[in-house]
Amino acid sequence: THVVTENCIKCKFTDCVDVCPVDCFREGPNFLVIDPDECIDCAVCIPECPANAIFAEEDVPQDQVHFIELNAELTPVFGSINRSKKPLEDADDWNGVENKLQYLER
Ligand code: F3S
């Protein structure tokens, strides 16, 4: 599967959603996740993310591996999204900020 990691939090650019052929993204208030049971590992979403937040599971950086479990955990909690929308306000300011997990809304 592919995995959405920390830098999506408080950005949520949603460009990733438009290219997904299987609509596997799920949307929370300030973060998206990928449904690991739906993702077909096509990888087209990776270059679409302005925050570089998406990785193949085997490429997730060491300090982000907890996001693999978090994507699976939040998949049934979050709702479907299959079309991009406006990024969150201040998305550009939050792009690249470290330790954003504390701001994750469920
Ligand atoms: Fe998040 Fe990047 Fe998609 S910021 S919503 S993973 S385009």
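This text follows the structure it describes.
In this report, we go over the structure that sits alongside the text. What you see as residue numbers is a count from 1 along each chain, following the sequence as written. Whole-chain, interface and lining totals are the exception, using all residues; otherwise, since this is a predicted model, local features are given only for residues with pLDDT of at least 70 and side-chain atom pairs are given and counted only at 80 or more. As a rule here, side-chain values come from all non-hydrogen atoms in the structure, and water together with hydrogens is ignored.

Some details on the state of the cysteines
- The criterion for a disulfide is a pair of cysteine sulfur atoms lying within 2.5 Å. A complete count under the given rule lists 0 disulfides for this structure.
- There is no disulfide at C45, and the cysteine sulfur nearest it, in C42, is 6.1 Å away.

Thoughts on the environment of D35
- Along the chain, D35 turns up in the loop between strand 3 (32-34) and strand 4 (54-56).
- As a C-alpha pair, D35 and E89 span 54 residues in sequence and 25 Å in three-dimensional space.
- If we skip the residues at most four places from it in the chain, D35 touches T1, C24, R26 and T75.
- Polar contacts, as counted here, are pairs of nitrogen or oxygen atoms within 3.5 Å of one another; within protein the pair requires one atom able to donate a hydrogen and one able to accept it, and residues that are adjacent in sequence qualify only if both atoms are side-chain atoms. Within the local environment of D35, its side chain forms a polar contact with the side chain of R26, the two groups lying 3.4 Å apart. The helix and strand labels rest on DSSP assignments: H or I over at least four residues marks a helix, E over at least two residues marks a strand, and numbering proceeds from the N terminus. The criterion used for residue contact is that any of the two residues' heavy atoms lie within 4.5 Å.

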